[in-house]
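So the chains spell out like this:
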Amino acid sequence: MLYTALALQYLCTMKRILTRIGYGLLRLLSHLPLRVLYLMADVLRPFAWGYRRKVVIQNLRNSFPKKNERQIAMLARDFYHSFCDMVVEQIKFLTISKKEIMQRMRFEGIEQFETDLKEEPFVFIYMGHYGNWEWISTLALWMKEGIHTAQLYKPLHDPRIDALFHKMRSRFGSECIDKNLALRRIMQMKQHGQRTVIGFVSDQTPRFDSIHHWVEFLHQDTPIFTGTERIAKKVGAAVYFAEVECVKRGYYVCRFRRIEAHASDAQGEFELTERYMKLLEEMIIRQPRLWLWSHRRWKRKRQDIRQQ
(Lines give C-alpha, C1' and ligand atoms only; values in the text may rest on other atoms or scores of the structure.)
Protein backbone atom coordinates (compact mmCIF):
# COMPACT_ATOMS: atom_id res chain seq x y z
CA MET A 1 0.00 0.00 0.00
CA LEU A 2 2.87 2.37 0.83
CA TYR A 3 4.51 1.78 -2.56
CA THR A 4 1.16 2.31 -4.31
CA ALA A 5 0.61 5.61 -2.49
CA LEU A 6 4.13 6.78 -3.33
CA ALA A 7 3.64 5.81 -6.97
CA LEU A 8 0.37 7.74 -7.18
CA GLN A 9 1.97 10.76 -5.53
CA TYR A 10 4.85 10.60 -8.01
CA LEU A 11 2.47 10.39 -10.98
CA CYS A 12 0.44 13.36 -9.71
CA THR A 13 3.63 15.40 -9.26
CA MET A 14 4.81 14.54 -12.79
CA LYS A 15 1.40 15.48 -14.19
CA ARG A 16 1.61 18.91 -12.52
CA ILE A 17 5.13 19.44 -13.86
CA LEU A 18 4.18 18.43 -17.40
CA THR A 19 1.08 20.62 -17.24
CA ARG A 20 3.19 23.63 -16.26
CA ILE A 21 5.70 22.89 -19.01
CA GLY A 22 2.86 22.54 -21.50
CA TYR A 23 1.27 25.83 -20.42
CA GLY A 24 4.63 27.59 -20.57
CA LEU A 25 5.22 26.26 -24.07
CA LEU A 26 1.77 27.42 -25.21
CA ARG A 27 2.40 30.91 -23.86
CA LEU A 28 5.77 30.98 -25.61
CA LEU A 29 4.17 29.93 -28.90
CA SER A 30 1.39 32.49 -28.46
CA HIS A 31 3.93 35.32 -28.76
CA LEU A 32 4.69 34.27 -32.34
CA PRO A 33 2.92 36.20 -35.14
CA LEU A 34 -0.18 34.47 -36.46
CA ARG A 35 1.41 34.13 -39.90
CA VAL A 36 4.05 31.90 -38.30
CA LEU A 37 1.44 29.94 -36.34
CA TYR A 38 -0.50 29.37 -39.57
CA LEU A 39 2.62 27.80 -41.08
CA MET A 40 2.59 25.42 -38.11
CA ALA A 41 -1.09 24.72 -38.76
CA ASP A 42 -0.29 23.84 -42.39
CA VAL A 43 2.38 21.40 -41.23
CA LEU A 44 0.11 19.79 -38.64
CA ARG A 45 -2.94 19.50 -40.91
CA PRO A 46 -2.05 16.05 -42.38
CA PHE A 47 -1.77 14.70 -38.82
CA ALA A 48 -5.11 16.22 -37.82
CA TRP A 49 -6.82 14.39 -40.68
CA GLY A 50 -7.12 11.31 -38.49
CA TYR A 51 -8.90 13.15 -35.66
CA ARG A 52 -12.44 11.72 -35.49
CA ARG A 53 -12.33 11.23 -39.25
CA LYS A 54 -15.16 8.70 -39.30
CA VAL A 55 -17.40 11.06 -37.33
CA VAL A 56 -16.58 14.00 -39.61
CA ILE A 57 -17.21 12.04 -42.82
CA GLN A 58 -20.46 10.53 -41.55
CA ASN A 59 -21.77 13.89 -40.35
CA LEU A 60 -20.99 15.47 -43.72
CA ARG A 61 -22.60 12.60 -45.66
CA ASN A 62 -25.81 12.83 -43.66
CA SER A 63 -25.92 16.63 -43.80
CA PHE A 64 -25.25 16.88 -47.55
CA PRO A 65 -26.95 13.78 -49.02
CA LYS A 66 -26.82 15.12 -52.59
CA LYS A 67 -23.03 15.43 -52.62
CA ASN A 68 -20.85 12.59 -53.93
CA GLU A 69 -17.89 11.06 -52.09
CA ARG A 70 -15.39 13.32 -53.79
CA GLN A 71 -17.31 16.42 -52.72
CA ILE A 72 -17.62 15.08 -49.17
CA ALA A 73 -13.87 14.48 -49.05
CA MET A 74 -13.27 18.07 -50.18
CA LEU A 75 -15.59 19.38 -47.45
CA ALA A 76 -13.72 17.28 -44.88
CA ARG A 77 -10.38 18.60 -46.12
CA ASP A 78 -11.62 22.19 -45.82
CA PHE A 79 -12.93 21.48 -42.32
CA TYR A 80 -9.56 20.16 -41.10
CA HIS A 81 -7.87 23.21 -42.61
CA SER A 82 -10.16 25.53 -40.62
CA PHE A 83 -9.91 23.33 -37.53
CA CYS A 84 -6.10 23.60 -37.47
CA ASP A 85 -6.35 27.35 -37.99
CA MET A 86 -8.69 27.60 -35.02
CA VAL A 87 -6.29 25.64 -32.82
CA VAL A 88 -3.41 28.04 -33.45
CA GLU A 89 -5.77 31.02 -33.17
CA GLN A 90 -6.65 29.79 -29.69
CA ILE A 91 -2.96 29.60 -28.80
CA LYS A 92 -2.53 33.17 -30.03
CA PHE A 93 -5.55 34.22 -27.97
CA LEU A 94 -3.53 33.69 -24.78
CA THR A 95 -1.44 36.83 -25.40
CA ILE A 96 -2.94 38.63 -28.40
CA SER A 97 -3.14 42.40 -27.98
CA LYS A 98 -6.36 44.37 -27.74
CA LYS A 99 -5.49 46.23 -30.94
CA GLU A 100 -4.87 43.09 -32.98
CA ILE A 101 -7.94 41.18 -31.77
CA MET A 102 -10.17 44.16 -32.57
CA GLN A 103 -8.79 44.13 -36.11
CA ARG A 104 -9.30 40.39 -36.52
CA MET A 105 -12.69 39.99 -34.78
CA ARG A 106 -15.18 42.69 -35.75
CA PHE A 107 -18.81 43.08 -34.74
CA GLU A 108 -21.74 44.64 -36.56
CA GLY A 109 -25.19 45.45 -35.20
CA ILE A 110 -24.24 46.14 -31.58
CA GLU A 111 -25.99 49.51 -31.66
CA GLN A 112 -29.27 47.56 -31.54
CA PHE A 113 -28.28 46.21 -28.13
CA GLU A 114 -28.21 49.67 -26.62
CA THR A 115 -31.76 50.33 -27.81
CA ASP A 116 -33.06 47.02 -26.44
CA LEU A 117 -31.25 47.42 -23.12
CA LYS A 118 -33.14 50.65 -22.45
CA GLU A 119 -36.33 48.57 -22.09
CA GLU A 120 -35.06 45.23 -20.78
CA PRO A 121 -31.93 44.36 -18.75
CA PHE A 122 -30.77 41.48 -20.99
CA VAL A 123 -29.74 40.67 -24.52
CA PHE A 124 -29.27 36.95 -25.18
CA ILE A 125 -27.18 35.84 -28.16
CA TYR A 126 -27.61 32.42 -29.72
CA MET A 127 -24.24 31.13 -30.97
CA GLY A 128 -22.86 27.94 -32.47
CA HIS A 129 -19.53 26.10 -32.61
CA TYR A 130 -18.80 27.99 -35.77
CA GLY A 131 -15.78 29.96 -36.94
CA ASN A 132 -13.68 31.00 -33.98
CA TRP A 133 -16.49 31.13 -31.43
CA GLU A 134 -14.01 31.71 -28.58
CA TRP A 135 -13.02 35.09 -30.03
CA ILE A 136 -16.62 36.31 -29.70
CA SER A 137 -15.88 36.80 -25.99
CA THR A 138 -14.00 39.95 -27.08
CA LEU A 139 -17.39 41.62 -27.61
CA ALA A 140 -16.74 43.29 -24.24
CA LEU A 141 -14.16 45.52 -25.96
CA TRP A 142 -16.85 46.93 -28.24
CA MET A 143 -19.56 47.68 -25.69
CA LYS A 144 -20.25 51.07 -24.10
CA GLU A 145 -19.47 51.64 -20.44
CA GLY A 146 -22.15 50.25 -18.16
CA ILE A 147 -23.03 47.27 -20.36
CA HIS A 148 -21.71 43.98 -19.00
CA THR A 149 -20.95 40.97 -21.21
CA ALA A 150 -20.87 37.29 -20.31
CA GLN A 151 -20.99 33.82 -21.81
CA LEU A 152 -22.12 30.47 -20.49
CA TYR A 153 -19.57 27.68 -20.39
CA LYS A 154 -19.33 24.07 -19.31
CA PRO A 155 -16.49 23.49 -16.81
CA LEU A 156 -13.87 21.05 -18.09
CA HIS A 157 -12.94 17.91 -16.14
CA ASP A 158 -9.27 18.85 -15.76
CA PRO A 159 -9.19 21.86 -13.37
CA ARG A 160 -5.91 23.18 -14.83
CA ILE A 161 -7.19 23.17 -18.40
CA ASP A 162 -10.48 24.62 -17.18
CA ALA A 163 -8.59 27.44 -15.44
CA LEU A 164 -6.62 28.11 -18.64
CA PHE A 165 -9.75 28.44 -20.80
CA HIS A 166 -11.54 30.45 -18.12
CA LYS A 167 -8.67 32.94 -18.02
CA MET A 168 -8.49 33.13 -21.81
CA ARG A 169 -12.24 33.72 -22.23
CA SER A 170 -12.39 36.43 -19.59
CA ARG A 171 -9.13 38.31 -20.26
CA PHE A 172 -10.86 41.09 -22.23
CA GLY A 173 -13.58 41.69 -19.63
CA SER A 174 -16.29 39.15 -20.36
CA GLU A 175 -17.64 37.08 -17.46
CA CYS A 176 -17.69 33.27 -17.66
CA ILE A 177 -20.86 31.79 -16.14
CA ASP A 178 -20.97 28.12 -15.21
CA LYS A 179 -23.96 26.77 -17.15
CA ASN A 180 -25.06 24.82 -14.07
CA LEU A 181 -25.38 28.11 -12.15
CA ALA A 182 -26.68 30.20 -15.05
CA LEU A 183 -30.23 30.88 -13.87
CA ARG A 184 -29.08 31.86 -10.37
CA ARG A 185 -26.44 34.26 -11.71
CA ILE A 186 -28.81 35.79 -14.28
CA MET A 187 -31.46 36.39 -11.63
CA GLN A 188 -28.82 38.12 -9.47
CA MET A 189 -28.03 40.43 -12.40
CA LYS A 190 -31.73 41.15 -12.87
CA GLN A 191 -32.15 42.04 -9.20
CA HIS A 192 -29.25 44.50 -9.42
CA GLY A 193 -30.51 45.99 -12.69
CA GLN A 194 -27.27 45.08 -14.45
CA ARG A 195 -27.60 45.60 -18.22
CA THR A 196 -25.97 42.50 -19.67
CA VAL A 197 -25.33 40.82 -23.03
CA ILE A 198 -24.96 37.03 -22.65
CA GLY A 199 -23.79 34.50 -25.25
CA PHE A 200 -25.22 30.97 -25.35
CA VAL A 201 -23.50 28.31 -27.49
CA SER A 202 -26.62 26.20 -28.02
CA ASP A 203 -25.79 23.65 -30.72
CA GLN A 204 -24.45 20.92 -28.41
CA THR A 205 -26.11 17.56 -27.86
CA PRO A 206 -28.32 17.61 -24.74
CA ARG A 207 -28.36 14.81 -22.20
CA PHE A 208 -31.26 12.38 -22.42
CA ASP A 209 -32.98 13.98 -19.42
CA SER A 210 -32.61 17.47 -20.98
CA ILE A 211 -34.26 16.69 -24.32
CA HIS A 212 -37.63 18.45 -24.64
CA HIS A 213 -37.83 19.14 -28.37
CA TRP A 214 -36.59 17.90 -31.76
CA VAL A 215 -36.14 19.70 -35.10
CA GLU A 216 -35.14 18.80 -38.63
CA PHE A 217 -31.59 20.13 -38.86
CA LEU A 218 -29.24 19.44 -41.79
CA HIS A 219 -31.57 16.66 -43.00
CA GLN A 220 -31.50 14.90 -39.64
CA ASP A 221 -33.83 14.50 -36.68
CA THR A 222 -32.02 16.53 -34.03
CA PRO A 223 -32.57 17.00 -30.28
CA ILE A 224 -31.92 20.56 -29.12
CA PHE A 225 -31.35 22.60 -25.99
CA THR A 226 -34.32 24.78 -25.05
CA GLY A 227 -32.89 26.33 -21.88
CA THR A 228 -31.83 29.56 -23.59
CA GLU A 229 -35.40 30.21 -24.70
CA ARG A 230 -36.89 29.35 -21.31
CA ILE A 231 -34.54 31.69 -19.43
CA ALA A 232 -35.00 34.45 -22.05
CA LYS A 233 -38.77 34.35 -21.56
CA LYS A 234 -38.37 34.30 -17.78
CA VAL A 235 -36.30 37.50 -17.69
CA GLY A 236 -37.79 39.20 -20.76
CA ALA A 237 -34.58 39.27 -22.81
CA ALA A 238 -34.14 40.48 -26.36
CA VAL A 239 -32.84 37.53 -28.42
CA TYR A 240 -30.27 37.64 -31.21
CA PHE A 241 -28.34 35.30 -33.48
CA ALA A 242 -24.57 35.62 -34.01
CA GLU A 243 -23.99 35.29 -37.75
CA VAL A 244 -20.26 34.73 -38.29
CA GLU A 245 -18.31 35.03 -41.53
CA CYS A 246 -14.63 34.32 -42.14
CA VAL A 247 -13.69 37.09 -44.57
CA LYS A 248 -10.10 35.85 -44.90
CA ARG A 249 -7.70 33.71 -42.92
CA GLY A 250 -7.65 34.91 -39.33
CA TYR A 251 -10.27 37.64 -39.85
CA TYR A 252 -13.91 37.28 -38.80
CA VAL A 253 -17.03 39.42 -38.82
CA CYS A 254 -19.88 38.70 -36.42
CA ARG A 255 -23.21 40.26 -37.41
CA PHE A 256 -26.01 40.24 -34.88
CA ARG A 257 -29.47 39.49 -36.22
CA ARG A 258 -32.41 40.11 -33.93
CA ILE A 259 -34.71 37.11 -33.54
CA GLU A 260 -37.13 38.73 -31.08
CA ALA A 261 -37.10 42.10 -29.30
CA HIS A 262 -39.03 40.60 -26.37
CA ALA A 263 -38.70 36.85 -25.84
CA SER A 264 -42.14 36.72 -24.24
CA ASP A 265 -43.68 37.87 -27.55
CA ALA A 266 -42.77 34.57 -29.23
CA GLN A 267 -45.93 32.63 -30.04
CA GLY A 268 -44.92 28.97 -30.05
CA GLU A 269 -43.40 27.11 -27.11
CA PHE A 270 -40.11 26.52 -28.92
CA GLU A 271 -40.37 29.20 -31.61
CA LEU A 272 -37.15 31.03 -30.68
CA THR A 273 -35.14 27.80 -30.57
CA GLU A 274 -36.46 26.67 -33.95
CA ARG A 275 -35.67 30.04 -35.53
CA TYR A 276 -32.15 29.84 -34.11
CA MET A 277 -31.60 26.38 -35.55
CA LYS A 278 -32.85 27.54 -38.96
CA LEU A 279 -30.45 30.49 -38.99
CA LEU A 280 -27.59 28.25 -37.85
CA GLU A 281 -28.33 25.78 -40.65
CA GLU A 282 -28.33 28.55 -43.26
CA MET A 283 -24.99 29.84 -41.97
CA ILE A 284 -23.42 26.36 -42.02
CA ILE A 285 -24.54 25.77 -45.61
CA ARG A 286 -22.89 29.05 -46.68
CA GLN A 287 -19.48 28.13 -45.21
CA PRO A 288 -19.58 24.45 -44.14
CA ARG A 289 -15.88 24.30 -43.27
CA LEU A 290 -16.34 26.58 -40.25
CA TRP A 291 -18.67 24.33 -38.22
CA LEU A 292 -17.35 21.76 -35.73
CA TRP A 293 -18.07 18.58 -37.72
CA SER A 294 -16.01 16.45 -35.34
CA HIS A 295 -18.71 16.79 -32.68
CA ARG A 296 -20.99 13.73 -32.28
CA ARG A 297 -24.04 15.91 -32.73
CA TRP A 298 -26.51 13.18 -33.64
CA LYS A 299 -25.63 10.46 -31.13
CA ARG A 300 -29.08 10.71 -29.48
CA LYS A 301 -32.00 8.97 -31.21
CA ARG A 302 -35.72 9.13 -30.48
CA GLN A 303 -35.92 5.37 -30.05
CA ASP A 304 -33.16 5.53 -27.42
CA ILE A 305 -35.24 8.07 -25.46
CA ARG A 306 -38.24 5.73 -25.42
CA GLN A 307 -36.04 2.94 -24.08
CA GLN A 308 -34.80 5.03 -21.14
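Quick caveat: nothing in here was measured; it's all calculated off a predicted structure. (Residues numbered from 1 in each chain as written. Predicted model: local features only at pLDDT ≥ 70, side-chain atom pairs only at ≥ 80, totals over all residues. Heavy atoms only, no water.)

1. A word on the pattern of salt bridges
Using the following cut-off: Put simply, a salt bridge is a Lys or Arg side-chain nitrogen that is within 4 Å of an Asp or Glu carboxyl oxygen. Helix and strand definitions follow DSSP, with helices as H or I runs of at least four residues and strands as E runs of at least two, each counted in order from the N terminus. A 1.4 Å probe rolled over the protein chains alone gives each residue an accessible area, and that area as a share of the maximum for its type sets the label: buried under 20%, exposed over 50%, partly exposed in between.
The full count for this structure, using the stated rule, is 21 salt bridges. The partner of arginine 207 in a salt bridge is aspartate 209, with the nearest N and O atoms 3.1 Å apart. Its salt-bridge partner being glutamate 243, residue arginine 286 comes within 3.2 Å of it at the nearest N-O pair. With a gap of 43 residues between them, arginine 286 in helix 10 (residues 271-286) and glutamate 243 in strand 8 (residues 238-248) connect regions that are remote in the sequence. Given a relative accessible area of 13%, glutamate 243 falls into the buried group. Through salt bridges with shared partners, one network takes in Asp42, Arg45, Asp85 and Arg249.

2. What about helix 7 (residues 159-170)?
Going by this rule: Multiply 1.5 Å by the residue count of a helix minus one, and that product is the helix's expected span. Think of it as the arc spanned by the lines of direction from the helix axis to the C-beta atoms.
Its 12 residues give helix 7 an end-to-end C-alpha distance of 16 Å, which sits within 8% of 16 Å, the value for a rise of 1.5 Å per residue. Inspection of helix 7 places Asp162, Leu164, Met168 and Arg169 among the buried residues, and these make up the whole buried set. Buried residues along helix 7 cover an arc of 160 degrees about the axis, so they all sit on one side. Along helix 7, exposed side chains directed more than 90 degrees from the buried face belong to Pro159 and Lys167.

3. Quick word on the packing of aromatic side chains
Aromatic ring pairs: the centre-centre distance and the angle between the two ring planes describe each pair. We apply this condition: Stacked, tilted and edge-to-face pairs are distinguished by plane angle, under 30 degrees for stacked and over 60 for edge-to-face with tilted covering the rest, among Phe, Tyr and Trp rings (Trp via its six-membered ring) whose centres lie within 6.5 Å.
Under the defined criterion, the tally for this structure stands at 20 aromatic pairs. Consider the rings of phenylalanine 217 and tryptophan 291, whose centres lie 5.9 Å apart with planes at 80 degrees: the pair is edge-to-face. Remark: tryptophan 291 occurs in the loop between helix 10 and helix 11 (302-307) and phenylalanine 217 occurs in strand 6 (residues 214-217); sequence separation between them is 74 residues. Of the two residues, phenylalanine 217 and tryptophan 291, both sit in the buried class.

4. Some details on a positive patch on the surface
The condition that has to hold: Here the term patch refers to residues with relative accessible area over 30% and no salt bridge, with like charges joined within 9 Å and nonpolar side chains (Val, Leu, Ile, Met, Phe, Trp, Tyr) within 5 Å. Per-residue and other accessible areas were derived by the Shrake-Rupley procedure at a 1.4 Å probe size, with only the shown protein chains allowed to occlude residues. All tallies of charge rest on Lys and Arg as positive and Asp and Glu as negative; His and the ends of each chain are not included. Each charge is placed at NZ for Lys, CZ for Arg, CG for Asp and CD for Glu.
Positive charge collects at one region of the surface, where Arg52, Lys154, Lys179, Arg296 and Lys299 lie side by side. Classification of lysine 179 by relative accessible area gives partly exposed; the value is 36%.

5. Observations concerning the sheet that holds strand 1 (residues 105-108)
The condition that has to hold: Strand pairing follows a simple DSSP-based rule, namely that at least 2 bridges must link the two strands. Helix axes are fitted to C-alpha atoms over the stretch in contact, other axes to C-alpha atoms as well, and angles between N-to-C directions run from 0 to 180 degrees. In what follows, residue pairs with any heavy atoms lying within 4.5 Å of each other are defined as contacts.
Spatially, the 7 strands line up as an open sheet ordered 1-9-8-2-5-3-4, and their pairing is mixed. Each of the sheet's edge strands pairs with one partner strand only, and the pair in question is strand 1 and strand 4 (175-178). Taken pair by pair, the neighbouring strands of this sheet meet at an average axis angle of 30 degrees, ignoring direction. The sheet contacts of helix 7 involve strand 3 (148-153) and strand 4, and relative to strand 3 the element is tilted by about 155 degrees. Its contacts with the sheet place helix 10 against strand 2 (122-127), strand 8 and strand 9 (251-260), and it is angled at close to 5 degrees to strand 8.

6. Some thoughts on the pairing of strand 2
Across the 6 residues of strand 2, 6 count as buried, placing the element largely inside the fold. Burial along strand 2 is two-sided: the face carrying Phe122, Phe124 and Tyr126 and the face carrying Val123, Ile125 and Met127 are both buried. Bridge count for strand 2 against strand 5 (residues 196-201) is 6 bridges, and the pairing is parallel. In the sheet register, isoleucine 125 faces strand 5, and the bridge partner there is glycine 199.

7. Overview of the state of the cysteines
Inclusion rule: We call a pair of cysteine sulfur atoms a disulfide whenever their separation is within 2.5 Å.
Within this structure, the stated rule accounts for 0 disulfides. In this structure cysteine 246 is a free cysteine whose sulfur lies 13 Å from that of cysteine 254, the closest cysteine sulfur available. The class of cysteine 246 is buried, set by a relative accessible area of 9%.

8. Observations concerning the packing of helix 3 (residues 53-63) against helix 4 (residues 69-93)
Operational definition: Roughly parallel means an angle under 35 degrees; roughly antiparallel means over 145; roughly perpendicular covers 65 to 115; every other angle is labelled oblique. Here is the rule for handedness: rotate from the far helix to the near one, and if that takes an anticlockwise turn smaller than a right angle the crossing is left-handed, while a clockwise turn gives right-handed. Note that Gly is not counted as nonpolar here; it falls among the polar residues with everything else outside the nonpolar set of Ala, Val, Leu, Ile, Met, Phe, Trp, Tyr, Cys and Pro and the charged set of Asp, Glu, Lys and Arg.
Where helix 3 meets helix 4, the axes come as close as 10 Å, and the angle between the chain directions of the two elements is 125 degrees. Overall, the two elements helix 3 and helix 4 adopt an arrangement that is oblique. In this structure, helix 3 meets helix 4 at a crossing whose hand is right-handed. Mapping the contact onto sequence places Arg53, Val56, Ile57, Leu60 and Arg61 in helix 3 and Glu69, Ile72, Leu75, Ala76, Phe79 and Tyr80 in helix 4. Across the contact of helix 3 with helix 4, the residue classes tally to 8 nonpolar, no polar and 3 charged.

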